[in-house]
Amino acid sequence: MTTERTYIDLSSRTAIVTGGGNGIGRGIAIRLARAGADVYVADLDVDAAKSVSDELRVSGGRSSAGYVDVADQSSTDQMVASAIDELGKVDILVNNAGVGGAEGWAERQEGSIEDWNKVFEVNVLGIVHASKSVSGHMIERGSGKIVNVASAAGRRGSPGFAHYSTSKASAINVTQAFAYQLAPHKINVNSVCPGLLWTDLWHDIADRRLRMTGDGETSGRDYFEQRLSNVPLGREQTPEDIGNAVAFLCSDRASSITGQALNVDGGAMMN
Ligand SMILES: NC(=O)c1ccc[n+]([C@@H]2O[C@H](COP(=O)([O-])OP(=O)(O)OC[C@H]3O[C@@H](n4cnc5c(N)ncnc54)[C@H](O)[C@@H]3O)[C@@H](O)[C@H]2O)c1
């Protein structure tokens, strides 16, 4: 019988997941560990990162955790050094950490200049910093996989949320540039574009929408479900759905795939 591990086998691989303490990042960390990878969970919220890492160790995996602010190059350098120190090497980097804007963004109808700067610092430069921190190590080893978590919002501009959707379009574009640059070193760089997941980020998006429309009758969850009505498969995504796509892209099954952006959104985007 073909087991899951024989189809997507990441045993003897070591992965870093940024923003791995919560939501989608946590789901990715769990999925990679289930495929056999050792996982370094890195997050601004270090307590959450440690708790996910504890969970992975309890299930029998090797894991470690630490603080990172992906907006800061020295912090991502430190993250990679700690992962190598504690787990021996890095084969996989998942750039998942992301934000909707600067502090208080959910209370603003339009992105402020601080929101534009913040999403570029975290959602775009966060990918650049962590990729730069790890690429020397991967080049020396002659292999590696980098997966960036972009968004369906990066496929089409979002009204009132332009700062965020523009940052995610940039995440798709920087994925392509790095895929070209790192291809000679056998490093694959891809992105995934999640659709709708009911995580903390979406709770804030829904709260913001309710504030904007002033509709006290509808709950945030109702608004989220209305958005699902435009999705061909009519289902929300789960962190596990995103983890499955990431695990595939990090596996030998995806060796010929680079520079791609894989929509994991129930068919919401078909480009
Ligand atoms: N939830 C969705 O529907 C959805 C859809 C498409 C894309 N995404 C993207 O998926 C990724 C994860 O989103 P989520 O929904 O799980 O959000 P979330 O808010 O639940 O989790 C984000 C995590 O990133 C961490 N983080 C934030 N800034 C950081 C920084 N500077 N350095 C390190 N860690 C940082 C947070 O502490 C948190 O643990 C983000 O890139 C987001 O843009 C989410």
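Parameters at a glance
Residues numbered from 1 in each chain as written. Predicted model: local features only at pLDDT ≥ 70, side-chain atom pairs only at ≥ 80, totals over all residues. Heavy atoms only, no water. Helix = DSSP H or I, 4+ residues; strand = E, 2+ residues; numbered from the N terminus. Rg over C-alpha atoms; globule rule 2.2 N^0.38 Å. Buried < 20%, exposed > 50% of the residue type's maximum accessible area, 1.4 Å probe, protein only. Contact = heavy atoms within 4.5 Å. Near = heavy atom within 4 Å. Polar contact = N/O pair within 3.5 Å; in protein donor to acceptor, adjacent residues only side chain to side chain. Areas by Shrake-Rupley, 256 points an atom, 1.4 Å probe, with all protein chains shown as cover. Nonpolar A, V, L, I, M, F, W, Y, C, P; charged D, E, K, R; others polar. Phe/Tyr/Trp six-rings, centres within 6.5 Å; stacked < 30°, edge-to-face > 60°. Lys NZ or Arg CZ within 6 Å of the ring centre and 35° of its normal. Core = buried A, V, L, I, M, F, W, Y, C linked by side-chain atoms within 4.5 Å. Salt bridge = Lys/Arg side-chain N within 4 Å of Asp/Glu carboxyl O.

Give a description of the overall build of the protein chain that names residues and reports values.
Along the backbone of the protein chain there are nine helices and seven strands. Against the 2.2 N^0.38 benchmark of 18 Å for 271 residues, the protein chain shows a C-alpha radius of gyration of 18 Å, consistent with a compact globule. A principal-axis box enclosing the C-alpha atoms of the protein chain has dimensions of 55 × 45 × 35 Å. Counting the 271 residues in the protein chain, one finds 52% classified as buried. In the protein chain, of all internal contacts separated by at least 6 residues, the share reaching a separation of at least 24 is 72%.

Run through the site of the ligand, naming residues and quoting values.
Taken together, 28 residues lie around the ligand, and N22, D43, N96, Y164 and T199 are the ones closest in. Taking N22, its side chain carries an N or O atom lying 2.8 Å from an oxygen atom of the ligand. With respect to the ligand, the backbone of N96 contributes an N or O atom lying 2.8 Å from an oxygen atom. With the chains in place, 93% of the 840 Å² that the ligand exposes on its own is no longer accessible. Listing elements by their share of the shell around the ligand, those giving two or more residues are α2 (23–34), α6 (162–182) and α7 (200–213). The biggest single contributor to the shell around the ligand is α7, with three residues. For the shell around the ligand, the per-class residue count stands at 15 nonpolar, eight polar and five charged.

Tell me about the environment of E225, residues and numbers included.
Along the chain, the position of E225 falls in helix α8 (residues 220–228). Accessibility expressed as a relative area gives 39% for E225, which makes it partly exposed. A polar atom in the side chain of E225 sits 2.7 Å from the side chain of R221.

Residues and numbers for the packing of aromatic side chains, please.
Going through the model one piece at a time under the given rule, you end up with five aromatic pairs. For the pair W202 and Y223, a centre-to-centre distance of 5.7 Å together with 40° between the ring planes defines the contact as tilted. Linking W202 in helix α7 with Y223 in helix α8, this pair joins segments that are 21 residues apart in sequence. Like W202, the residue Y223 is buried in the burial classification. By the ring-pair criterion, three or more aromatic residues cluster together here, those being W198, W202, Y223 and F224. One residue, R221, lies across the ring of W198, its end atom 5.4 Å from the ring centre.

Lay out the environment of E110 with the relevant residues and their values.
Position of E110 among the secondary structure elements: in the loop between β4 (92–95) and α5 (113–141). The spacing of E110 and F161 is 51 residues in sequence and 6.7 Å in space, taken between C-alpha atoms. Once you skip the residues sitting within four places of it in the chain, E110 turns out to touch D115, G160 and R208.

Describe the nonpolar core, listing the residues and the values that go with them.
Counting residues in hydrophobic clusters, the biggest one holds 30 residues, and the most contacted among them are L10, I28, L32 and V246. Contributions of two or more residues to this core are made by β1 (14–18), α2, β2 (38–43), α3 (46–58), β4, β5 (144–149) and α9 (239–249). It is α9 that provides the largest number of residues to this core, a total of five residues. Residues within four places of I28 in sequence aside, it is in contact with V17, V94, N96, V149, P239, I242, G243 and V246.

Describe the pattern of salt bridges, and please don't skip the residues or the numbers.
Considering all chains together, one arrives at eleven salt bridges under this definition. The partner of E240 in a salt bridge is R34, with the nearest N and O atoms 3.1 Å apart. Within this pair, whereas E240 is found in helix α9, its partner R34 is found in helix α2, the two being separated by 206 residues in sequence. The class of E240 is partly exposed, set by a relative accessible area of 40%. Close ionic contact of D91 with R141 constitutes a salt bridge, the shortest N to O distance being 3.1 Å. Highlighted residues: D91 in the loop between α4 (73–87) and β4 and R141 in helix α5, separated in sequence by 50 residues.

Take it as geometry only, folks, not as evidence of what the structure does.
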